[in-house]
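Observations on the model geometry
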Amino acid sequence: MKNVRIGIIGAKFAGGFHMDVWKTIPGAEVVAVADLEEKARLDFQKKYGIAKIYGDGTELIKDPDIDVVDICVPNFLHAKIAIAAMQGGKHVICEKPFATTMADADKAMEAQVKSGMKFFYAEDWLFAPALQRMETIIKNGGIGDLFFLKGKEVHNGSHSPYAKKIEYCGGGCIIHLACHPVGYFHHLLGMPSKVAGFCSPGGDGNFIHKDFEGEDWGLGILQFPNGAKAQIEGNYITSGGMEDVVEVYGSDGRIRVDITFGGPLSVCSTKGIDYAVEKAEFTHGWTRPAVNENESLGYRNELGHFLSCLKDGTEQMHGTDARSGFNTFRIIDALYRSHREGKTISLD
Ligand SMILES: NC(=O)c1ccc[n+]([C@@H]2O[C@H](COP(=O)([O-])OP(=O)(O)OC[C@H]3O[C@@H](n4cnc5c(N)ncnc54)[C@H](O)[C@@H]3O)[C@@H](O)[C@H]2O)c1
């Protein structure tokens, strides 16, 4: 069977870990990469031996050799590039978030429906092995009926210069980090009926990151039609490495998943080691290094699943289609509105 030919747009952090995973998946062939920065695209080409390079992503999507466009550029370009790609007859894999404005989200949703092209919303938490195991336990009734969920992604601040500007990022740590628990809880429980959000004000009002226009701390409550409630958190005020944690409370028990620090390794080094976990500022003393973040955070399973949907016609997992990305963005948009207007927002 023919390889699936992939074009990656964005050759830095996300583009790099997508590429590291694509290399390991039989049947996946990355034929082109695009990045506005010449050094980024040349370094990527050299490191991975990619045949073709482009500057702007809108050039890559015209390449007739590409079946699927893998969007790893800053948030404000996701909808624009996805729309152009789908209108040009390409399938799309899109990093989170779906869009940065409701107007763009509407247009991307419409373009997907009209074009009929496949859209894969890349929420890696759905594919993290520990969360998949948790989901099986829940589905088998292991902790009874769910009534309260908590989920957070927190670290010390995004490395990307684009994340500092609301125009490019769409907000602060809610859209950039808390999109993970929001997308995951939407996958588990569907659309909440109402939400409330509370954030640090951004800029000078932030706790630590005065140079970020968006919030550096944010919390939200989602209320689901069956009465279940979820608390989501994103923040840039956490030192010591990225923490992704989910807790679920049911009528017959509870589950706690520590996605980033839950591995079997503990290391004590007086000099420090090469790498511990994403965003860790230091690696000396006791650390809990990840064994393989591409596995534990779900990237390997995620891209492997998308490839098998494209190659073998496997049914796309619930929570990864355009509608799920769109709904996740609607919830995030409502959390921000709630914060601005100081009231609970209904999503009925
Ligand atoms: N799922 C996850 O856990 C996860 C983790 C990290 C990043 N992401 C997402 O991946 C995306 C990229 O994040 P990043 O950390 O790699 O950012 P980054 O700043 O490290 O890299 C973005 C790259 O995109 C390039 N770029 C910008 N505009 C472009 C254009 N028009 N055409 C081609 N290239 C262009 C930039 O030059 C830059 O090299 C973001 O949307 C982010 O939310 C997801």
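In this report, we go over the structure that sits alongside the text. Keep in mind it's a predicted model, so treat the numbers as computed, not measured.

Turning our attention to the sheet that holds strand 10 (residues 229-235). Pairing is mixed in the open sheet, where 7 strands are placed in the order 12-11-7-10-9-8-15. In the strand order of this sheet, the two ends are held by strand 12 (253-258) and strand 15 (345-346), each with one partner. Running at roughly 155 degrees to strand 10, helix 8 (residues 173-189) makes contact with strand 7 (146-154), strand 8 (194-199), strand 9 (217-223), strand 10 and strand 11 (243-250) of the sheet. Against the sheet, helix 11 (residues 322-341) touches strand 8, strand 9, strand 10 and strand 15, its axis set at about 60 degrees to strand 8.

Here the focus is the pattern of salt bridges. Per the stated rule, a full pass over the model turns up 17 salt bridges. Between Lys139 and Glu135 there is a salt bridge, with the nearest N and O atoms lying 3.0 Å from each other. Pair noted here: Lys139 and Glu135 are both in helix 6 (residues 129-139), with a separation of 4 residues, about one helical turn. Taking the relative accessible area as the measure of exposure, Lys139 reaches 65% and is therefore exposed. We classify Glu135 as buried; its relative accessible area is 11%. Via salt bridges that share partners, Lys52, Asp63 and Asp65 belong to a single interconnected network.

Okay, the layout of surface pockets next. Looking at the largest pocket, its volume works out to about 880 Å³. Along the walls of the largest pocket sit 47 residues, with Ala14, Cys72, Val73, Pro74 and Ser160 positioned nearest its centre. Of all the secondary-structure elements, those providing two or more residues to the lining of the largest pocket are helix 1 (13-22), helix 3 (57-60), helix 4 (78-87), helix 7 (166-169) and helix 8. It is helix 1 that contributes the most residues to the lining of the largest pocket, 4 residues altogether. Along the wall of the second largest pocket there are 20 residues; nearest its centre are Ile166, Gly170, Gly171, Tyr336 and Arg340. Tallying contributions element by element places helix 11 first for the lining of the second largest pocket, with 6 residues.

Contact geometry for helix 4 and helix 5 (residues 102-115): axes closest at 9 Å, N-to-C directions at 15 degrees. In terms of orientation, helix 4 and helix 5 fall into the roughly parallel class. Crossing of helix 4 against helix 5: the hand is left-handed. Side by side, helix 4 and helix 5 meet where Ala79, Ile83 and Met86 of the first sit next to Asp104, Lys107, Ala108, Ala111, Gln112 and Ser115 of the second. Here the contact of helix 4 with helix 5 is composed, by residue class, of 5 nonpolar, 2 polar and 2 charged.

In the neighbourhood of the ligand, 27 residues make up the surrounding shell, with Asp35, Asn75, His159, Ser160 and Tyr299 lying closest. Note that an oxygen atom of the ligand is positioned 2.6 Å from one of the side-chain N or O atoms of Asn75. When the ligand sits alone it has 850 Å² of accessible area, and the protein chains cover 94% of it. More than half of the atoms of the ligand fall within 2 Å of the grid points belonging to the largest pocket. When contributions to the shell around the ligand are tallied by element, the ones reaching two or more residues are helix 1 and helix 8. With 3 residues, helix 1 is the largest single contributor of residues to the shell around the ligand. When the residues that make up the shell around the ligand are grouped by side-chain class, the tally is 11 nonpolar, 9 polar and 7 charged.

Moving on, we get to the sheet that holds strand 4 (residues 68-71). Taken in spatial order, the 6 strands make up an open sheet running 3-2-1-4-5-6, and their pairing is parallel. In this open sheet, the two strands that pair with only one neighbour each are strand 3 (52-54) and strand 6 (119-122). If you compare each strand with its neighbour and ignore which way they point, the axes differ by 25 degrees on average. Summarising the sheet, strand 1 (residues 4-9) and strand 2 (residues 28-34) pair through 6 bridges and their orientation is parallel. The partner of Ile6 across the bridge, within strand 2, is Val30.

This next bit is on the pairing of strand 10. Put simply, side chains in a regular strand alternate between the two faces of the sheet. Within strand 10, 5 of the 7 residues are buried, leaving the element largely enclosed by the surrounding structure. Relative to strand 10, strand 7 runs parallel, the two being bridged by 7 bridges. Among the inter-strand pairings, Phe148 is bridged to a residue of strand 10, identified as Lys229. In this sheet, strand 10 lies alongside strand 9 in antiparallel orientation, the contact comprising 7 bridges. If you follow Leu222 over to strand 10, its bridge partner there is Ala230. Remark: 5 residues form the turn of the hairpin made by strand 9 and strand 10, two consecutive strands paired antiparallel; Gly227 in that turn has positive phi of roughly 100 degrees.

Next up on the list: the packing of aromatic side chains. Centre-to-centre distance and the angle between the planes together describe a pair of aromatic rings. All chains considered together, the criterion is met by 16 aromatic pairs. Geometrically, the ring pair formed by Phe76 and Tyr168 is tilted, given 4.8 Å between the ring centres and 45 degrees between the ring planes. With Phe76 in the loop between strand 4 and helix 4 and Tyr168 in helix 7, this residue pair connects regions lying 92 residues apart in the sequence. Given the relative accessible area of 27%, Tyr168 is considered partly exposed. Grouped by ring-pair contacts, the aromatic residues Phe13, Phe17 and Tyr299 constitute a single cluster. In this structure, Lys279 packs its charged tip against the face of Phe13, placed 5.0 Å from the ring centre.

Definitions and limits used
- Residues numbered from 1 in each chain as written.
- Predicted model: local features only at pLDDT ≥ 70, side-chain atom pairs only at ≥ 80, totals over all residues.
- Heavy atoms only, no water.
- Pairing = 2+ DSSP bridges.
- Helix = DSSP H or I, 4+ residues; strand = E, 2+ residues; numbered from the N terminus.
- Contact = heavy atoms within 4.5 Å.
- Axes fitted to C-alpha atoms, helices over the stretch in contact; angles between N-to-C directions.
- Salt bridge = Lys/Arg side-chain N within 4 Å of Asp/Glu carboxyl O.
- Buried < 20%, exposed > 50% of the residue type's maximum accessible area, 1.4 Å probe, protein only.
- 1 Å grid on protein atoms, 1.4 Å probe; cavity = no way out; pocket = protein on both sides within 12 Å on 5 of 7 lines; lining within 4 Å.
- Points joined across faces, edges and corners; volume = space filled by probe spheres on them.
- Parallel < 35°, antiparallel > 145°, perpendicular 65-115°, else oblique.
- Left-handed = near helix turned anticlockwise from the far one by under 90°.
- Nonpolar A, V, L, I, M, F, W, Y, C, P; charged D, E, K, R; others polar.
- Near = heavy atom within 4 Å.
- Polar contact = N/O pair within 3.5 Å; in protein donor to acceptor, adjacent residues only side chain to side chain.
- Areas by Shrake-Rupley, 256 points an atom, 1.4 Å probe, with all protein chains shown as cover.
- Sits in = over half its atoms within 2 Å of the grid points.
- Phe/Tyr/Trp six-rings, centres within 6.5 Å; stacked < 30°, edge-to-face > 60°.
- Lys NZ or Arg CZ within 6 Å of the ring centre and 35° of its normal.

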